Amino acid sequence: MRVPFLSPRKGKGMESSMEKLVSRLEAVALRLESVGGSPASGGTAPAPAATPSSGGGGSASASVEAFNAIVSEKVGKLVKLAEAIGDGDLIKTTGFLKAAFDEEAKIVSAIASCKKPTMQVLQGLLKPTADQIGLCYDFAGDRKNKSFQHTKVMSECMQGLTWVAYQEGSGMSMPTKTVQESWGCAEFFANKLLMQYRGKDQNQVDWVNSLKDIMQTLAAYVKEHHPTGPSWNAGGQDVKNFSGSSAGATGGSGGPPAAPPPPPPGSLTESKPSGGSSGAPSKAALFSELNKGSAVTSGLKKVTADMKAKNRSDRSGLVKVKAKKPAAAGPKVGKTGLVAGKWVVEGHVQNKEIVLEDGLKTNQAVLISQNQDCLIQVKGKVNSIIIDNCKKVGVIFQDVISTVEMVNCKSIQLQPLGKVPTIAIDKTDGIQIFMSKESLDAEITSAKSSEMNITVPDGDDDFKEIALPEQFVSKFVDGKFVTAPAEHSAG
């Protein structure tokens, strides 16, 4: 800085004071020149790069040292506890946190040394930490992970490291609250681990308590050094030039930026194209082609009639569908036998000779399930019969003590030869029941079923068929609904 010439007035006192003023101004000029370069010479001397220890002042250095203390002491203790437990999956889980804290230490160092970057640069700076959080989350869902409960706790805790991404108006919680909320989510799974290992494995209990201590210490650190968001150094360097971050060059931890690489040979002497790549046509050539008018299409290839898709035999618009393979037909012998006090007839196809006779008892049930095109005879008195998921099946039975039930069936024929108190029909389409004189007292209930026909004796040698109603009409009469089968008249 150049000091303008001042003409001192006569008198020793005035001359002495002016000399002191000039000396002070020259001292200020020297300090400004040492920091930003001389204004008269254009300021060509570069300012020294800010470092975590000096560029951000004492508070910036304290924030970096405090965070590094968390990594070395708190996280280091957690790693040692995992190694003492000796479980490989737990050691891997703890390694995710250690790697994430190591990457975040670089971010904290950049915050202390650099000015606030653009969103794109910030994303590149945060990516290594985000990658570790994602790896831990994926490992928590791995079925082969024997320590998945620990990994769940860790995955929730690592969400607290996202406080460095906070920006005003981003919709995120404040940094301190972000850390506290992450432990709040992890505490549910952490308490399960404490209940499981308390009094059995002290190393496991210490691991959980150590992780809790890390999160509480991190919350206190953020509250002290970054309460309203990352405290970027407004007078710092560019993040891209910060050697300790992943957004810039790899290497040291916060020293002066390395010199840029030399330019490629000839790049300063050879002329550059005005725009685009060297092989791309210029804008002038493009507009020249467009100004040809109707002649612009003269170079296009003529499409003849045989080239059109509708006239080409090799490109038909029909979509060929492969014919479905018919289901394998033929008889199949399923399972028939006594299982846990219940007779089971299951998986038969086209079997007309299934007979249950020997060993039937009155306290046993019969389950007829997943049969098709079969005839089953139950020759004896049983407690109940259940017909489930069958198709084209006929069942002939003697006496039943409680009920005969059909569920999810199609085309069923039923013939009771003795007494049966109740016949239940549920979700069945197509049921034919041939009642005997002994079974006419049976109570028949139906729900969600159709095509229900009952054949009853009419005289000595004749029978008549009666259809059960499928539609009903409900009317509100005398304070309640009265329901009756729907009647359809011919006229």
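A. Broad picture of the packing of helix H5 (residues 148–158) against helix H6 (residues 175–197). Across the interface, H5 lies against H6 with an axial gap of 8 Å and an inter-helix angle of 160 degrees. With respect to their mutual orientation, H5 and H6 come out roughly antiparallel. As for how H5 packs across H6, the hand of that crossing is left-handed. Contacts from Gln149, His150, Lys152, Val153, Glu156 and Cys157 of H5 reach H6 at Ser182, Trp183, Cys185, Ala186, Phe189, Ala190, Lys192, Leu193 and Tyr197. Classifying every residue of the contact of H5 with H6 by side-chain character gives 9 nonpolar, 3 polar and 3 charged.

B. Seen up close, the state of the cysteines. Taken as a whole and assessed by the stated rule, the structure comprises 0 disulfides. Here Cys409 is not disulfide-linked; the sulfur of Cys390 is the nearest cysteine sulfur, at 5.0 Å. With relative accessibility at 2%, the residue Cys409 sits in the buried group.

C. Looking closely at the environment of Val205. Examined against the element boundaries, Val205 turns out to sit in helix H7 (residues 202–225). When the C-alpha atoms of Val205 and Leu81 are compared, they prove to be 9.9 Å apart, with 124 residues separating the residues in sequence. Contact partners of Val205, with chain neighbours within four places excluded, come to Leu194, Tyr197 and Arg198.

D. Summary view of a negative patch on the surface. Together, Asp458, Asp460, Asp461 and Asp462 make up a negatively charged patch on the protein surface. In this structure, Asp460 sits in the loop between strand S11 (450–457) and strand S12 (463–467). Residue Asp460 is classed as exposed on the basis of its relative accessible area, which comes to 73%.

E. View of the environment of Gly88. For Gly88, the position within the fold is in helix H3 (residues 88–113). In this structure Gly88 comes out as partly exposed when scored by relative accessible area, which is 49%. Each C-alpha atom of the pair Gly88 and Lys146 lies 8.8 Å from the other, and the pair is 58 residues apart in sequence.

F. Representation of the pairing of strand S8 (residues 400–416) within the structure. Judged from the 6 bridges that link them, strand S6 (residues 382–388) and S8 form a sheet pairing that is parallel. The residue bridging Ile387 from the neighbouring strand is Met406, located in S8. As defined by bridge partners, strand S7 (residues 391–397) adjoins S8 across 6 bridges and the pair is classed as parallel. Along S8, the bridge assignment pairs Lys391 with Lys410. Here S8 pairs with strand S9 (residues 422–434) via 10 bridges, running parallel. Across the sheet, the residue bridging to Thr403 is Thr422, located in S9.

G. Layout of the side chain of Thr94. When you line up the elements, Thr94 lands in helix H3. Apart from the residues lying within four places of it in its own chain, the contact partners of Thr94 are Leu78, Val79, Ala82, Met154 and Trp207.

H. Here's a closer look at the packing of H3 against helix H4 (residues 119–140). Closest axis-to-axis distance for the H3/H4 pair is 8 Å, and the angle between their directions is 165 degrees. Our classification of the angle between H3 and H4 gives roughly antiparallel. Taken as a pair, H3 and H4 cross one another with a handedness that is left-handed. Of H4, the residues touching H3 (which contributes Asp89, Lys92, Thr93, Phe96, Ala99, Ala100, Glu103, Glu104, Ile107 and Ala110) are Leu125, Leu126, Pro128, Thr129, Gln132, Leu135, Cys136 and Phe139.

Basis of the calculations
- Residues numbered from 1 in each chain as written.
- Predicted model: local features only at pLDDT ≥ 70, side-chain atom pairs only at ≥ 80, totals over all residues.
- Heavy atoms only, no water.
- Axes fitted to C-alpha atoms, helices over the stretch in contact; angles between N-to-C directions.
- Helix = DSSP H or I, 4+ residues; strand = E, 2+ residues; numbered from the N terminus.
- Parallel < 35°, antiparallel > 145°, perpendicular 65-115°, else oblique.
- Left-handed = near helix turned anticlockwise from the far one by under 90°.
- Contact = heavy atoms within 4.5 Å.
- Nonpolar A, V, L, I, M, F, W, Y, C, P; charged D, E, K, R; others polar.
- Disulfide = S-S within 2.5 Å.
- Buried < 20%, exposed > 50% of the residue type's maximum accessible area, 1.4 Å probe, protein only.
- Patch = residues over 30% accessible without salt bridge, like charges linked within 9 Å, V, L, I, M, F, W, Y side chains within 5 Å.
- Areas by Shrake-Rupley, 256 points an atom, 1.4 Å probe, with all protein chains shown as cover.
- Salt bridge = Lys/Arg side-chain N within 4 Å of Asp/Glu carboxyl O.
- Lys, Arg positive; Asp, Glu negative; His and termini not counted.
- Charge placed at Lys NZ, Arg CZ, Asp CG, Glu CD.
- Pairing = 2+ DSSP bridges.

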